[in-house]
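Chain and residue survey
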Amino acid sequence: MTGDATIRLLGISGSPRKKATDYIVNEALRYAQEKFNVETDYFSASGKDLKFCIHCDYCVRKQQGCIHKDDIVPLYDKMLWADAWIIGTPVYQGTLSAQTKTIMDRCRAVVARDPKAFKNKVGAATAVGGDRIGGQEPAIQSILNFYVISEMLPIAGGSFGSNLGGTFWSQDRGAEGVAEDTEGIRSLHRTVNKLIRAAQLIKKAQQEGSSL
């Protein structure tokens with residue numbers, strides 16, 4: 001653990017099940033706590049009432065949040081609290097899950113009230129598929145695009161072994177399968193390292209009065 005300022009890290013699992021995706025997001029949080037000075041929080045889509053964005057523009061007109069009063073509403077406070085996010089998704093039909101997409105879509109209610117709400121937060125992504133190459137990178141790319149649009153800073157895993165983020169192959173064996181995917185675990189840890197170090201740099205700049 002380093003002596004740097006405490007980073008607040010939010011893990012979000014966009015899976016309707018508490019299996020492989022739940023495991024890898026919690027592994028990211030566990031690893032960050034072991035290696036860095038972090039506080040963590042966690043949100044799972046499993047068992048939650050998540051309503052689709054219906055583009056009613058209530059959030060734009062009223063600037064009082066979303067018209068839907070469901071289980072995403074408490075997540076907004078977690079998002080604002082965190083310096084860094086890691087969103088995990090299962091791969092469905094070659095891309096991210098409907099639950100993950102719904103969570104991202106519904107963030108419109110936050111930025112409608114404050115367009116800079118997420119500015120300069122950092123975000124990473126991880127994805128798990130039942131096939132070795134089944135859509136993990138397109139799913140991760142969708143999450144990274146969301147960060148860009150939200151004025152967050154997307155953090156990838158870097159060259160030679162991580163690339164866009166933590167990429168897992170479960171072999172359709174849930175948490176047991178991803179726990180045995182040593183390359184996936186390595187890609188996740190490399191991504192978390194870069195995520196927290198970027199968050200530390202941004203927090204340091206902010207504390208020193210930078211105009212970030």
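To keep things clear, this report deals only with the structure shown in the data block. Residue numbering note: each chain is counted from 1, following its sequence as written. The predicted nature of this model means local features are confined to residues of pLDDT at least 70 and side-chain atom pairs, given and counted, to a pLDDT of 80 or more, with totals for whole chains, interfaces and linings taken over all residues. Computation of side-chain values covers all heavy atoms of the structure but excludes hydrogens and water.

**What to know about the pairing of strand β6 (residues 166–169)**
Consecutive side chains along a regular strand alternate between the two faces of the sheet. To be explicit about the condition: Relative accessible area decides the class of each residue, using a 1.4 Å probe on protein chains only: under 20% of the type maximum gives buried, over 50% gives exposed, and in between gives partly exposed. Here a helix means four or more residues in a row that DSSP labels H or I, a strand means two or more in a row labelled E, and each is numbered from the N terminus. The criterion for strand pairing is that DSSP finds at least two bridges linking the strands in question.
Of the two faces of β6, only the one carrying Gly-166 and Phe-168 is buried; Thr-167 and Trp-169 on the other face are not. With four bridges connecting them, strand β4 (residues 122–129) and β6 associate as parallel partners. Bridge pairing in β6 links Ala-127 to Thr-167.

**Some thoughts on the packing of aromatic side chains**
Rules: Two rings from Phe, Tyr or Trp (for Trp, the six-membered ring) form a pair when their centres sit within 6.5 Å of each other. Planes less than 30 degrees apart are called stacked, planes more than 60 degrees apart edge-to-face, and all others tilted.
The full count for this structure, using the stated rule, is four aromatic pairs. Between Trp-85 and Tyr-147 the ring centres are 6.2 Å apart and the planes differ by 75°, which places this aromatic pair in the edge-to-face class. Of this pair, Trp-85 sits in strand β3 (residues 84–90) while Tyr-147 sits in helix α6 (residues 136–149), and the two are 62 residues apart along the sequence. In this structure Trp-85 comes out as buried when scored by relative accessible area, which is 0%. Look at Phe-146 and Tyr-147: their rings are 5.8 Å apart centre to centre, the planes differ by 50°, and that puts the pair in the tilted class.

**Some details on the packing of helix α1 (residues 20–35) against helix α8 (residues 182–207)**
Formally: Axis definition: a line fitted to C-alpha atoms, over the contacting stretch in the case of helices. Angles run 0 to 180 degrees between N-to-C directions. In this scheme, roughly parallel covers angles under 35 degrees and roughly antiparallel covers those over 145, while 65 to 115 is roughly perpendicular and the rest are oblique. Crossing chirality is assigned from the near helix's rotation relative to the far helix, an anticlockwise turn below a right angle marking it left-handed and a clockwise turn marking it right-handed. Contacts were defined at the residue level, with two residues in contact if any of their heavy atoms lie within 4.5 Å.
Two elements in contact, α1 and α8, have axes separated by 10 Å at closest approach and are oriented at 55°. As judged from the angle between their axes, α1 and α8 are oblique. As for how α1 packs across α8, the hand of that crossing is right-handed. Contacts between α1 and α8 involve Ile-24, Glu-27, Ala-28, Arg-30, Tyr-31, Ala-32 and Lys-35 on the former and, on the latter, Ile-185, Leu-188, His-189, Val-192, Asn-193 and Ile-196.

**Concerning the pairing of β3**
Burial within β3 is extensive, with seven of its seven residues counted as buried. Both faces of β3 are covered, namely the face carrying Ala-84, Ile-86, Gly-88 and Pro-90 and the face carrying Trp-85, Ile-87 and Thr-89. Judged from the five bridges that link them, strand β1 (residues 7–13) and β3 form a sheet pairing that is parallel. Across the sheet, the residue bridging to Ile-12 is Ile-87, located in β3. As defined by bridge partners, β3 adjoins β4 across seven bridges and the pair is classed as parallel. Among the inter-strand pairings, Thr-89 is bridged to a residue of β4, identified as Ala-127.

**Observations regarding the environment of Lys-18**
Counting through the fold element by element, Lys-18 comes out in the loop between β1 and α1. Spatially, the C-alpha atom of Lys-18 lies 8.5 Å from that of Ala-175, the residues being 157 residues apart in sequence. For Lys-18, the residues in contact, after removing those within four places along its chain, are Ser-44 and Ser-46.

**Concerning unusual backbone geometry**
One non-glycine residue with positive phi stands out, namely Glu-151, at about 65°. For Glu-151, a relative accessible area of 31% puts it in the partly exposed group. If you check the backbone angles, Gln-171 has positive phi at about 55° while not being a glycine. The residue Gln-171 is located in the loop between β6 and α7 (174–179) in this model. You can call Gln-171 partly exposed: its relative accessible area is 39%.

**Here we look at the pattern of salt bridges**
The criterion, for reference: Any carboxyl oxygen of Asp or Glu within 4 Å of a side-chain nitrogen of Lys or Arg constitutes a salt bridge here.
Under the defined criterion, the tally for this structure stands at 13 salt bridges. Taking the shortest distance from any N to any O, the salt bridge between Arg-106 and Asp-70 comes out at 2.7 Å. With Arg-106 in the loop between α4 (98–105) and α5 (108–113) and Asp-70 in the loop between α2 (58–62) and α3 (73–81), this residue pair connects regions lying 36 residues apart in the sequence. Arg-106 sits in the buried class, given a relative accessible area of 2%. Exposure remark for Asp-70: the relative accessible area of 6% places this residue in the buried category. A salt bridge links Glu-176 to Arg-173; the shortest N-O distance between them is 3.4 Å. Taken together, the salt bridges that share partners define one network made up of Arg-8, Asp-83 and Lys-203.

**Observations regarding the state of the cysteines**
This is how it is decided: By disulfide we mean two sulfur atoms from cysteines, separated by a distance within 2.5 Å.
This model, assessed by the stated rule, comprises zero disulfides. Among the cysteines around Cys-56, which has no disulfide bond, Cys-66 carries the closest sulfur, lying 6.5 Å off. Here Cys-107 is not disulfide-linked; the sulfur of Cys-66 is the nearest cysteine sulfur, at 10 Å.

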